[in-house]
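Structural overview for review
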Amino acid sequence: MYEDNPGYNISEVLSNPYDPALSKKLYDPKKPMANRITDIGPPHYEQFFPPVIKKNYGKWKSHEIVEPGILKYTSETGDVCYVVRCGSPRLITTDLIREIADIADKYGEGFVRWTTRNNIEFNVDSEEKMRALVDDLKGRKHPGGSYKFPIGGTGACVTNIVHTQGWVHCHTPATDASGVVKAVMDELFDYFTSQKLPAQVRIALACCLNMCGAVHCSDIAILGVHRKPPFVEDDRISGVCEIPLAVAACPLGAIKPATVELDGKKIKTVRVKEERCMFCGNCYTMCPAMPLADGEGDGIAILVGGKISNRISAPKFSKLVIPFLPNEPPRWPTVVNAVKNILETYASDANKYERVGEWAERIGWERFFEKCDIPFTDKSMDDYRLAYDTYHTTTQFKWSVHTDNL
Amino acid sequence: MADVKKHDTPMVDDLKSGPWPSFVDDIEQKGLAGKQACLDLLGQLELSFKHKETHWKHGGIVGVFGYGGGVIGRYSDVPDKFPSIAHFHTMRVNQPASKFYSSAFLRKLCDIWDYRGSGMTNFHGSTGDMVLLGTTTDQLEPTFYDLTYQMSCDLGGSGSNLRTPSCCVGKARCEWSCLDTQQICYDLTQEYQDELHRPAFPYKFKFKVSGCPNDCVAAIARSCCSIIGTWKDDIRIDQEAVKAYVGGELKPNAGAHSGRDWGAFDLQKEVIDLCPTGCMYMYGDELKINNRECTRCMHCINVMPEALRPGTDTGATILCGAKAPILEGAQMSTLAIPFIRMEPPFDEFKDFVDKIWDWWMEEGKNRERFGELIQRESIQEFLRRAELKPIPQMVKEPRSNPYVFWSAEEVPGGWERDIKEFRARHAA
Ligand code: HEM
Ligand code: HEM
Ligand code: HEM
Ligand code: SF4
Ligand code: SF4
Ligand code: SF4
Ligand code: SF4
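This is a predicted model, so every value here is computed, not measured.

Here is what the cut-offs are and how they apply
- Residues numbered from 1 in each chain as written.
- Chains lettered and ligands numbered in written order.
- Predicted model: local features only at pLDDT ≥ 70, side-chain atom pairs only at ≥ 80, totals over all residues.
- Heavy atoms only, no water.
- Axes fitted to C-alpha atoms, helices over the stretch in contact; angles between N-to-C directions.
- Helix = DSSP H or I, 4+ residues; strand = E, 2+ residues; numbered from the N terminus.
- Parallel < 35°, antiparallel > 145°, perpendicular 65-115°, else oblique.
- Left-handed = near helix turned anticlockwise from the far one by under 90°.
- Contact = heavy atoms within 4.5 Å.
- Nonpolar A, V, L, I, M, F, W, Y, C, P; charged D, E, K, R; others polar.
- Core = buried A, V, L, I, M, F, W, Y, C linked by side-chain atoms within 4.5 Å.
- Buried < 20%, exposed > 50% of the residue type's maximum accessible area, 1.4 Å probe, protein only.
- Near = heavy atom within 4 Å.
- Polar contact = N/O pair within 3.5 Å; in protein donor to acceptor, adjacent residues only side chain to side chain.
- Pairing = 2+ DSSP bridges.
- Patch = residues over 30% accessible without salt bridge, like charges linked within 9 Å, V, L, I, M, F, W, Y side chains within 5 Å.
- Areas by Shrake-Rupley, 256 points an atom, 1.4 Å probe, with all protein chains shown as cover.
- Salt bridge = Lys/Arg side-chain N within 4 Å of Asp/Glu carboxyl O.
- Lys, Arg positive; Asp, Glu negative; His and termini not counted.
- Charge placed at Lys NZ, Arg CZ, Asp CG, Glu CD.

Notes on the packing of helix 4 (residues 94-107) of chain A against helix 5 (residues 127-139) of chain A
Angle between the axes and distance between the axes: these two values describe a pair of packed helices. Residues and elements named next belong to chain A. The N-to-C vectors of helix 4 and helix 5 enclose an angle of 155°; their axes lie 10 Å apart at closest approach. With respect to their mutual orientation, helix 4 and helix 5 come out roughly antiparallel. The hand of the helix 4/helix 5 crossing is right-handed. Contacts from Ile103, Lys106 and Tyr107 in helix 4 reach Lys129, Ala132, Leu133, Asp136 and Leu137 in helix 5. Residues that form the contact of helix 4 with helix 5 fall into these classes: five nonpolar, no polar and three charged.

So this is what it looks like as structure tokens:
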């Protein structure tokens, strides 16, 4: 039924070399609708399936992780497919993508896939090809010595960190994304290439509370947070945004319309009730004259114990355990150590199959803070909407360092 | 060497060392080969490392004619220092479902982006698009024409639109998939092109499709409408393979725990005792499952993929309303439809979508996510508008307060009463 969509079979358009002059002939700014193709959607996926995938679609019977990063799938037809999974920094250049295309041509019949967590997967149909591919990938390095295609990210590991834009492309971040991720993954590299954790540990980073990476259900979440209320640029505000929208943006009603005198003229602006502000940045999203960023005020909060999968226990939100750590480019040592400490405390204490959140719930959060040696502060106690749901309303608790001096 | 200028970036350069792939090296090499934008980007990042603040301005409104999304405007606030990234807009290109590519496709995309833009990308954005990172306003239309004419590709969603749907690898490679995830994803994307390109919603709306309750695309946490595969019949058991796991011939969890000695596999402790519903037991040397009690959590199947497989009477569970914390706090999707068949043309599902979109477009406030509307107007209103029957599966437990909003029709005699009659029975 989609046969008439140009994206249904794109082999012909792909076989023509790129013609940079074509768009000039087609696009006329005076008649913008002329020659315009719209609403065709993405190309049809099936034409990008490797032959072994196409043939065995829906017939896969089981799989096995041969070694970290290498999966073997067996089909009811007897066919097998090997998948080699490699990490990537997500922020990659066309040169690297061309290199990936070359590798796909050499080993994978010209096909390659990306995973949800920004890993690259090369599919090959025999063990020989898989071994040759693995040897090849291991030898590819950047000039500074880092791997271009580290193999891992399967099973009970720390797989790639999903993350957002940070200082590389966004206007609201409270921290960087790519830099922090590089620093953390360098330190946890061994956990990416091995499978020695009790279960998989998903780490995610979002550089502000908008959480484009949806970090709120991760085993360990690294979250950029602001700590200073927004500026109000009285001389700019009415020119760049609508005051009622700025007022309505605040979930806590902390923004009120105001009139002030500037150079003898009365102008409309807003005022922020600073003690009410929770630094969410929503005002800045709506109004460019209310920036929050501040080198000293901004930093990182750590949340733990979330999960997505429905395995054993229901999906969970991540919980805030460290309210603030400073931004320390280029390597964020305090953040890196905090993440590593939580990971390794968990690794040494949790049962097989237990996710970070399941472990924390089993031992109790008081014990979590004790074992991880993280100071508990009132900032970990909810005071937003529905906060009461998280309070302890029982006499059942554990004795821990927090009660030992009573 | 091309005529380019490298900035002094000592802090950023520190991120070249270490084993994890260095984005700095990749970008710098690209820059030295002739792309000044790459070197300027690293230069501006160094400045951000120094100030610990971003140097991007609040985005401007840019786009391609006729579309209200797909392009994110971005301008540097230090354009004099870094002129080649003064304008640095992003284009979101709708990925093929589950992100398989041919090398020919990738190369041509690279040709376009080397010519039209910075040569930098995000493969991929969090929502799933191929993100082409950084170009100038005058290149937006030519890039769009290049994409549509020479790649048969289209832009993805941004703003108050349907966002680009995404899905897991599904039946293409995963034996657990209960859904044709790519087909669903592709079909919805095509069906709702207008909603994807032209903002008509109060805010963004997301569909995500996972083939089974492992939920590899995090649908339950990230989508307004989560489509997650499930089954109604029994888990398929191969008793011989169960014995092979017990005997140690097969590796538990497909070898996912190979890096550590966890001792010999213990079926009782690792599977039967961890089953959240306690519905598994041994009968002689056979593993039995009381399927009526199973909640399809996937644990046993994950541990013994050779021995256990989902059933074959498959469909989807639909959950609604997930979102990140802004504004009313984070929400996960709430169970709406326990089981629905997902076969083309997906009429029953699309019918449901029409109903909830009608409600949201009528009642939703500006920048109110669908999940927030459910919160504000109530789950009962959601069920009424979606014409769904309340079932106990929708709640963890019944409410503990008695503050029920009865309607007049539900109470015999309605709410019209005569106070005089009342007082005739009861003196004031
Ligand atoms: C109120 C909430 C949100 C706001 C105001 C917001 C705003 C933004 C902005 C300004 C950008 C542009 C970054 C750039 O310059 O490239 C962006 C990027 C993006 N956002 Fe959001 N965002 C929100 C929540 C989310 C959520 C919950 C998701 C996904 C689940 C998401 C997915 C994305 C994606 C995929 C990108 C593209 C860049 C990337 O992948 O990092 N956003 N968002
Ligand atoms: C060992 C067998 C498994 C295989 C072969 C497998 C396969 C995959 C694949 C191919 C992806 C990438 C999905 C995509 O991008 O489309 C993925 C991601 C994921 N898998 Fe699995 N999976 C396995 C086990 C599990 C288990 C046991 C769980 C949960 C307990 C799980 C949870 C996830 C999650 C949550 C993601 C998404 C990553 C994220 O964004 O957080 N997987 N898996
Ligand atoms: C608006 C809410 C409430 C009002 C107006 C209210 C009012 C009263 C009044 C007037 C009495 C005395 C009855 C009597 O002996 O003459 C009473 C007794 C009592 N109330 Fe409430 N109450 C409320 C909510 C609650 C709640 C929420 C609880 C517990 C969760 C509660 C627990 C009790 C108990 C335990 C007694 C004593 C009953 C007994 O004598 O056995 N009340 N309440
Ligand atoms: S999480 Fe915040 S700062 Fe980061 S890309 Fe998204 S909107 Fe920008
Ligand atoms: S940062 Fe958030 S809480 Fe503070 S004034 Fe702005 S919108 Fe309100
Ligand atoms: S969600 Fe389920 S079906 Fe889809 S890839 Fe993950 S495990 Fe497989
Ligand atoms: S899927 Fe989960 S609930 Fe069902 S039998 Fe297996 S472990 Fe038990």
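Remarks on the nonpolar core
Among the nonpolar cores identified, the biggest contains 108 residues, and Phe205, Phe207, Ile227, Phe349, Phe352, Phe370 and Phe382 of chain B are the most heavily contacted of them. If we skip the residues at most four places from it in the chain, Phe207 of chain B touches Leu162, Pro165, Ser166, Leu188, Tyr192, Ser223, Cys225, Ile227, Phe349, Val353 and Trp357 of chain B. In terms of nonpolar packing, the next biggest core, distinct from the first, is built from 68 residues, Leu91, Leu205 and Val304 of chain A together with Phe82 of chain B among them.

Focus on the site of ligand 2
Around ligand 2, 19 residues are found, and the nearest of them are His63, Arg113, Thr116 and Arg117 of chain A together with Cys216 of chain B. More than one chain approaches ligand 2, the contributing ones being chains A and B. One nitrogen or oxygen atom from the side chain of Arg202 of chain A is found 3.1 Å from a nitrogen atom belonging to ligand 2. In the model, an oxygen atom of ligand 2 is placed 3.1 Å from a nitrogen or oxygen of the Val169 of chain B main chain. A per-class count over the shell around ligand 2 returns five nonpolar, seven polar and seven charged.

Some details on the sheet that holds strand 3 (residues 80-86) of chain A
If you walk across this open sheet you meet the six strands as 1(A)-2(A)-3(A)-6(A)-5(A)-3(B), and the pairing is antiparallel. Of all strands in the sheet, those with a lone pairing partner are strand 1 (60-67) of chain A together with strand 3 (100-102) of chain B, marking the two edges. Averaged over all pairs of adjacent strands, the angle between their axes in this sheet comes to 30°, without regard to strand direction. Pairing geometry for strand 1 of chain A and strand 2 (residues 70-75) of chain A, over six bridges, is antiparallel. Bridging across to strand 2 of chain A, Trp60 of chain A finds its partner in Ser75 of chain A. Where helix 5 of chain A meets the sheet, its contacts fall on strand 1, strand 2, strand 3 and strand 6 (120-124) of chain A, and the angle it forms with strand 3 of chain A comes to roughly 10°. Helix 4 (residues 103-116) of chain B contacts strand 5 (111-114) of chain A together with strand 3 of chain B of the sheet and is inclined by roughly 80° relative to strand 3 of chain B.

A look at a negative patch on the surface
There is a patch of like negative charges on the surface, built from Asp347, Glu348, Asp351, Asp354, Asp358 and Glu387 of chain B. Given a relative accessible area of 61%, Glu387 of chain B falls into the exposed group.

Observations concerning the environment of Gly263 of chain B
Residue and element names in this part refer to chain B. Structurally, Gly263 can be placed in the loop between helix 9 (239-246) and helix 10 (267-272). Gly263 gets classed as partly exposed once you look at its relative accessible area, which sits at 45%. Between the C-alpha atom of Gly263 and that of Ser160, which follows or precedes it by 103 residues, the distance is 53 Å.

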